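# Fold and contact review
Below, each chain spelled out in residue letters.
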Amino acid sequence: MPFAGTIVALEWLFFMQGDNNDFDLKGRLLDKSFDAYVLALETINRITIRYRLEAFCYLICNAWELLLKAKILDDSKEDKAIFYSQQEGPVRRSLSLRQSLSRVFPNEKEPVRRNIERIEELRDEAVHLVIAHIPAEIMALFQAGVVNYHKNLREWFNRSLSDQMPVGMMSIVYDLSPENTALTNNRLGGDLGPQAFEFLSRFCADIRKEFDELSRPSEFSITIEYRLLVDKKSENADMKLSSGPSDHGPTQVVEVPKDPSLSHPYRQKDLIEYVKSQVPDIKFNAFDVKCLNEVYGIKNRPEYYYQGRIPNSPTQYSPAIAEWIIEHCKKDSQFLKETRERQKQVREAQNKQER
């Protein structure tokens, strides 16, 4: 049974009892959303917890519901926007997760929306099942939901989770032996029981099918693969293993540095030229890049931005941020104009604080 959207009823009571400045509903929703998000990550990454799937689903859905309601409040500028109308009594019932999703993501095929809806479906089923092992397809679904939350929080509210928690926490712990959690494993079927095994088999098959139908977007599912290389030539590996200081010392995991000329090949002028070549009708210049950096915190995201530590090193951008800009410009002709206006508002707010 889907959960009713009553999650902010007490928040409404506090909000109505005091000064709006002291009880800002949107801000409180964001704070609680962040807490639920962190708890979800801590739970899913504790592999000793047998029921981490169920707990993660509850918490990440909670985090998303609160985030979406904060977004609705921010867009509407009206505190009643997330509550049902024509209700009596002091405790008012708010929108459900699915209702909030449909308002923020009206496109039913939006990968971010479908990702959350799939996790919510899993949450509702997990109430009736005991699922001690998590298949790789579901972990990939969870990983996308985690990354989507981070991206949308930054885009909607210009808040960076990396300022408050290690970025590494956002990488969900996978089983490095995928055969142990593959549904073709006979032992796994016995551990899960027939009802849970049947549900997971059907659910994972549906995920794979929908992933292909949506053109395999990373917003719907993210599969993490590690290439471990036991060899002298380690440039093709994401990490390498080496022995400790002695023969009996601990094994060390060492990250392999990547060549920024390959991962971030665009200088600022190259980025501008490439974006303009893909969207010829736009006016895109260095000021727009500056606004994008300030509004969306691109410089804080290593997957988008790189600058060497040597003085006067050039700024470098990745193909991922180039495609992100192109996608938004094609989707919304006012995207760059709105970004300039948001950058102006950010600067004005900063100047007021400095006075």
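Quick caveat, the model's predicted, so the values are computed rather than measured.

What follows covers the overall build of the chain. Along its length, the chain carries 13 helices and five strands. By the burial criterion, 43% of the 355 residues in the chain qualify as buried. For the chain, the computed accessible surface area is about 20,400 Å², with 50% contributed by carbon and sulfur atoms.

The next subject is the environment of Gln-316. Mapping Gln-316 onto the fold places it in strand β5 (residues 315–317). Overall, Gln-316 belongs to the buried group, its relative accessible area being 15%. On a C-alpha basis, the gap between Gln-316 and His-264 in space is 5.5 Å, while along the polypeptide they are 52 residues apart. Apart from residues no more than four positions distant in its own chain, Gln-316 is found in contact with Pro-260, Ser-261, His-264, Tyr-266, Tyr-304, Tyr-305 and Tyr-306.

In this section: unusual backbone geometry. A positive phi angle, close to 55°, is found at Asn-158, a residue other than glycine. On the secondary structure map, Asn-158 appears in the loop between α6 (136–157) and α7 (186–192). Of the residues examined, Asn-158 reaches a relative accessible area of 33% and is grouped as partly exposed. A positive phi angle is found at Asn-312, which is not glycine, with a value near 70°. One can find Asn-312 in the loop between β4 (305–307) and β5. Given a relative accessible area of 80%, Asn-312 falls into the exposed group.

Moving on, we come to the nonpolar core. A general tendency of soluble globular proteins is for nonpolar side chains to be buried together. Trp-64, Ile-138, Phe-142 and Tyr-149 are the most contacted members of the largest nonpolar core, which has 55 residues in total. Listing elements by their share of this core, those giving two or more residues are α2 (25–44), α3 (52–76), α4 (97–104), α5 (111–126), α6 and α8 (194–213). With 13 residues, the single largest contributor to this core is α3. Sequence-distant contacts of Ile-138, defined by excluding residues within four places in its chain, comprise Leu-53, Leu-122, Leu-200, Phe-203, Cys-204 and Ile-207.

Moving on, we come to the packing of α2 against α6. Axis separation between α2 and α6 bottoms out at 12 Å; the angle between their running directions is 155°. If you check the angle between α2 and α6, you find them roughly antiparallel. The element α2 and its partner α6 pack so that their crossing is left-handed. Facing Lys-26, Leu-30, Ser-33, Phe-34, Tyr-37, Leu-41 and Ile-44 of α2, the residues of α6 in contact are Met-139, Phe-142, Val-146, Tyr-149, His-150, Leu-153 and Phe-157.

Evaluation of the coordinates by the stated rule reveals zero disulfides. With no disulfide partner, Cys-57 has as its closest neighbouring cysteine sulfur the one in Cys-61, 6.2 Å distant. The exposure class of Cys-57 is buried, given its relative accessible area of 0%.

Take the packing of aromatic side chains next. Scanning all chains against the criterion turns up 11 aromatic pairs. With 6.3 Å between their ring centres and 20° between their planes, Phe-211 and Phe-220 make a pair best called stacked. As far as burial versus exposure is concerned, Phe-211 and Phe-220 are alike and both buried. One aromatic cluster in this structure is built from Tyr-37, Trp-64 and Tyr-149. Note that Arg-118 overlies the ring of Phe-203, its terminal NZ or CZ placed 5.8 Å from the centroid.

Turning our eyes to something else, we now look at the sheet that holds strand β3 (residues 266–267). Strand order in the open sheet formed by three strands is β3-β5-β4, with antiparallel pairing between adjacent strands. Sheet topology places β3 and β4 at the edges, where each strand pairs with a single neighbour.

Below, the discussion takes up the packing of α4 against α5. Two elements in contact, α4 and α5, have axes whose closest approach is 11 Å; the angle formed by their N-to-C orientations is 175°. Regarding the angle of α4 to α5, the classification is roughly antiparallel. Every residue of α5 that contacts α4 at Leu-97, Arg-98, Leu-101 and Ser-102 is listed here: Arg-113, Ile-116, Glu-117 and Glu-120. Classifying every residue of the contact of α4 with α5 by side-chain character gives three nonpolar, one polar and four charged.

Cut-offs and rules
- Along each chain, residue indices are assigned from 1 in the same order as the chain's sequence is written.
- Since the coordinates come from a predicted model, pLDDT governs what is reported: local features require at least 70, and pairs of side-chain atoms require 80 or more to be given and counted, while whole-chain, interface and lining totals use all residues.
- Side-chain descriptors were evaluated using all non-hydrogen atoms of the structure, hydrogens and water having been removed beforehand.
- Only DSSP runs of H or I reaching four residues or more are called helices, and only runs of E reaching two or more are called strands; each is numbered from the N terminus.
- Categorising residues by exposure relies on relative accessible area from a 1.4 Å probe, with only protein chains included: less than 20% of the type maximum marks a residue as buried, more than 50% marks it as exposed, and the intermediate range marks it as partly exposed.
- Here the open area of atoms and residues is found with the Shrake-Rupley method and a 1.4 Å probe, where only the protein chains shown may cover a residue.
- For this analysis, residues touch if any pair of their heavy atoms sits within 4.5 Å.
- Within this scheme, the nonpolar core is defined by two criteria: the residues are buried Ala, Val, Leu, Ile, Met, Phe, Trp, Tyr or Cys, and they are joined through side-chain atoms within 4.5 Å.
- Axis lines are fitted through C-alpha atoms, for helices just across the contact stretch, and the angle between N-to-C directions can take any value from 0 to 180 degrees.
- The cut-offs work like this: below 35 degrees is roughly parallel, past 145 is roughly antiparallel, 65 to 115 is roughly perpendicular, and the gaps in between are oblique.
- With the far helix as reference, a near helix turned anticlockwise by less than a right angle produces a left-handed crossing, and one turned clockwise produces a right-handed crossing.
- For this text, the term disulfide refers to a pair of cysteine sulfurs within 2.5 Å.
- Pairing of aromatic rings covers Phe, Tyr and Trp, the last counted by its six-membered ring, and requires centre-to-centre distances within 6.5 Å; plane angles under 30 degrees mean stacked, over 60 mean edge-to-face, and any other angle means tilted.
- Here, over-ring charges are defined by two tests on the NZ atom of lysine or the CZ atom of arginine: distance to the ring centre within 6 Å, and angle to the ring normal within 35 degrees.
- Only strands that DSSP links by at least two bridges are regarded as paired with each other.
- In this count, Pro and Cys sit with the nonpolar residues alongside Ala, Val, Leu, Ile, Met, Phe, Trp and Tyr, while Asp, Glu, Lys and Arg are called charged and the others, Gly among them, polar.

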